[in-house]
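# A structural walkthrough
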Amino acid sequence: MHHFHYHNDSLFCEDIPLERIAKEQGTPCYIYSHATLTRHFQAYDQAFASVPHIIAFAMKANSNLAVLRLMSSLGSGADIVSGGELFRALKAGIPPNKIVFAGVGKSHEEIKYALESDILFFNVESSAELQAINEVAMGMGMHARVALRVNPDIDPHTHPYISTGMKKSKFGIGADRALEEFQKAASLSNIQVVGLHAHIGSQLTKISPFVDSLTKVLGLLHTLKGKGIPIQYLNIGGGLGITYSDETPPHPKDLAEAITPLLRESECEIILEPGRVIVGNAGILLTRVLYIKDTDAKKFAIVDAAMNDLIRPSLYDAHHDILPVHQVPNAPEDVYDVVGPICESGDFLAQNRTMPLVKAGDLLAVMSAGAYAFTMASNYNSRPRVPEILVKEGESFVVRKRESYEDLILGEQIPEFLKS
Ligand code: LLP
């Protein structure tokens with residue numbers, strides 16, 4: 001459920017026609033609905049109300065400061081994967097004691113920054129990283145709280161690029177080696193083992209992989225308890241999918257219902273790291289058709305947004321619905337490739353898409369673009385990144401300005417020897 005809807009054939013975000021935003025802010029731009037963000041967070045939070053838990057919003061999905069601030073005001077913490085994300089989370093007012101830090105390649109500087117910030121814990125992905133954290137903590141005269149990320153070897157049945165809990169993946173510590181690693185961790189002088197983490201992938205549309213993973217993890221928790229390594233936090237990651245086209249992912253309530261008995265059995269405080277399910281359908285990318293190009297092979301709708309703005313279709317062959325901002329009842333349809341101005345054939349937002357006829361100047365809404373959309377944008381082809389706009393009822397707020405050409409060269413320098 002989201003708050004993008006037609007009213008008199010004109011597409012609105014909450015109480016604002018998208019056409020007005022296009023007029024005021026230009027295109028392309030990202031638009032987020034405050035009501036949808038709030039609703040999705042609360043639905044997830046309430047679904048797990050019966051177990052003690054912290055939601056650590058996976059900010060890689062959307063790290064805009066205003067979005068993070070909203071999450072924080074709703075009670076969220078953050079799942080971070082870099083020093084940059086830690087910086088953003090703290091700037092947005094997310095309490096450090098609700099921040100957890102994952103990722104296979106944390107640098108010494110990032111570890112130090114996280115220790116100084118007193119985050120809740122690190123999700124440790126390897127034996128080597130554990131050593132590094134121990135050393136950095138020792139150098140600072142501190143103890144580092146850690147959870148070990150276990151790789152339960154479960155197939156989440158999702159796109160291979162976003163599947164993370166199988167043996168061949170770079171993430172976590174193999175379940176067969178986990179006990180040994182936990183024992184090693186517990187013996188390190190400046191490490192305090194507090195948690196166990198397992199995140200198996202993203203855009204999961206079935207409950208069973210969550211249950212299978214958790215069942216394996218519970219077995220391990222039991223063994224650890226027996227060995228005198230009690231675990232306080234169980235971090236079950238994120239991964240719940242959303243509807244992009246015809247997927248029917250479980251509602252957070254259904255997921256919670258299925259796994260709550262297992263979570264209770266763990267006797268741990270539960271950390272949840274949802275990303276996409278909170279923000280995915282709370283955002284769109286608004287774009288304008290520049291030209292229609294009719295060739296013998298194809299009809300192209302060339303729009304002003306491109307793969308640098310939204311890379312998911314190019315990178316994962318991901319489907320995003322594309323809706324006309326003005327719908328014409330019973331409009332004839334045609335088949336289009338919706339492409340951007342970038343000089344690559346991989347620059348498309350949709351291929352072979354049947355859509356109501358479009359013409360130059362039309363506005364299109366690329367749907368489900370709140371997650372892994374702006375955060376994955378780049379300046380490729382020296383295209384300034386587009387603004388992000390937050391809509392709350394009848395008001396809109398620019399929460400990130402459109403970049404200027406000057407922004408594009410920020411920090412670049414021509415050495416003296418090239419100037420003469
Ligand atoms: N926790 C960890 C440790 C993760 O690696 C991720 C996502 C999440 C939580 C959040 O997962 P979510 O609830 O959003 O599924 N760029 C890709 C998605 C990459 C996901 C990476 N990790 C895409 O556009 O589909």
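Cut-offs used in this document
- Residues numbered from 1 in each chain as written.
- Predicted model: local features only at pLDDT ≥ 70, side-chain atom pairs only at ≥ 80, totals over all residues.
- Heavy atoms only, no water.
- Phe/Tyr/Trp six-rings, centres within 6.5 Å; stacked < 30°, edge-to-face > 60°.
- Buried < 20%, exposed > 50% of the residue type's maximum accessible area, 1.4 Å probe, protein only.
- Helix = DSSP H or I, 4+ residues; strand = E, 2+ residues; numbered from the N terminus.
- Lys NZ or Arg CZ within 6 Å of the ring centre and 35° of its normal.
- Axes fitted to C-alpha atoms, helices over the stretch in contact; angles between N-to-C directions.
- Parallel < 35°, antiparallel > 145°, perpendicular 65-115°, else oblique.
- Contact = heavy atoms within 4.5 Å.
- Nonpolar A, V, L, I, M, F, W, Y, C, P; charged D, E, K, R; others polar.
- Near = heavy atom within 4 Å.
- Polar contact = N/O pair within 3.5 Å; in protein donor to acceptor, adjacent residues only side chain to side chain.
- Areas by Shrake-Rupley, 256 points an atom, 1.4 Å probe, with all protein chains shown as cover.
- Domains from an automatic or database assignment.
- Expected span 1.5 Å × (residues − 1).

All chains considered together, the criterion is met by 5 aromatic pairs. Measuring from centroid to centroid gives 6.4 Å for Tyr30 and Tyr32, while their planes differ by 20°, and the two rings are stacked. Here Tyr30 matches Tyr32 in class, with each residue buried. Arranged with centres 5.9 Å apart and planes meeting at 25°, the rings of Phe101 and Phe122 form a pair that is stacked. You can see Phe101 sitting in strand S7 (residues 99–101) and its partner Phe122 sitting in strand S8 (residues 121–124), a full 21 residues away along the chain. Assigned by exposure class, Phe101 and Phe122 land together as buried. An aromatic cluster of three or more residues is present, and its members are Tyr30, Tyr32 and Phe374. Its end group placed over the ring of Phe101, Lys106 keeps NZ or CZ at 5.5 Å from the ring centre.

Glancing now at the packing of helix H6 (residues 127–139) against helix H7 (residues 175–187). At a minimum axis separation of 11 Å, H6 and H7 run at an interaxial angle of 10°. As summarised for this structure, H6 and H7 are arranged roughly parallel, according to the angle between their axes. Note on element contacts: H7 touches H6 through Glu181, Lys184 and Ala185, opposite Ser127, Leu130 and Gln131. Among the residues making up the contact of H6 with H7, the classes are represented as 2 nonpolar, 2 polar and 2 charged.

Geometrically, the link from Thr27 to Pro28 is a cis peptide bond, its omega value of -5° lying close to zero. Along the chain, the position of Pro28 falls in the loop between helix H1 (18–25) and strand S4 (29–33). Positive phi outside glycine occurs at Glu267, with the angle close to 60°. Here Glu267 shows up in the loop between helix H9 (252–266) and strand S13 (269–272). Among the residues examined, Glu267 registers a relative accessible area of 63% and is labelled exposed. The phi angle at Glu393 is positive, at roughly 50°, despite the residue not being glycine. Among the secondary structure elements, Glu393 is positioned in the loop between strand S20 (388–392) and strand S21 (395–400).

As a matter of local geometry, the ligand sits amid 19 residues, with Ser202, Glu273, Arg312, Tyr316 and Tyr372 nearest to it. Backbone polar atom of Gly275 to an oxygen atom of the ligand: 2.9 Å apart, as the coordinates give it. Coverage of the ligand by the protein chains reaches 92% of its 600 Å² of free accessible surface. Residue composition of the shell around the ligand, grouped by class: 6 nonpolar, 7 polar and 6 charged. Residues from two domains meet in the shell around the ligand; each of domain 1 (4–32 + 280–408) and domain 2 (34–279) gives at least three.

Our focus in this paragraph is H7. Taking 1.5 Å of rise per residue, the 13 residues of H7 would be expected to cover 18 Å, and the 19 Å separating its terminal C-alpha atoms lies within 8% of that figure. Among the residues making up H7, those that are buried are Ala178, Glu181, Phe182 and Ala185. On its buried side, H7 packs onto H6, strand S9 (144–151), strand S10 (173–174), strand S11 (191–197) and helix H8 (208–226).

With respect to the helices and strands, Ala186 occurs in helix H7. Put simply, Ala186 and Val146 are 40 residues apart on the chain and 9.9 Å apart in space, counted from C-alpha to C-alpha.

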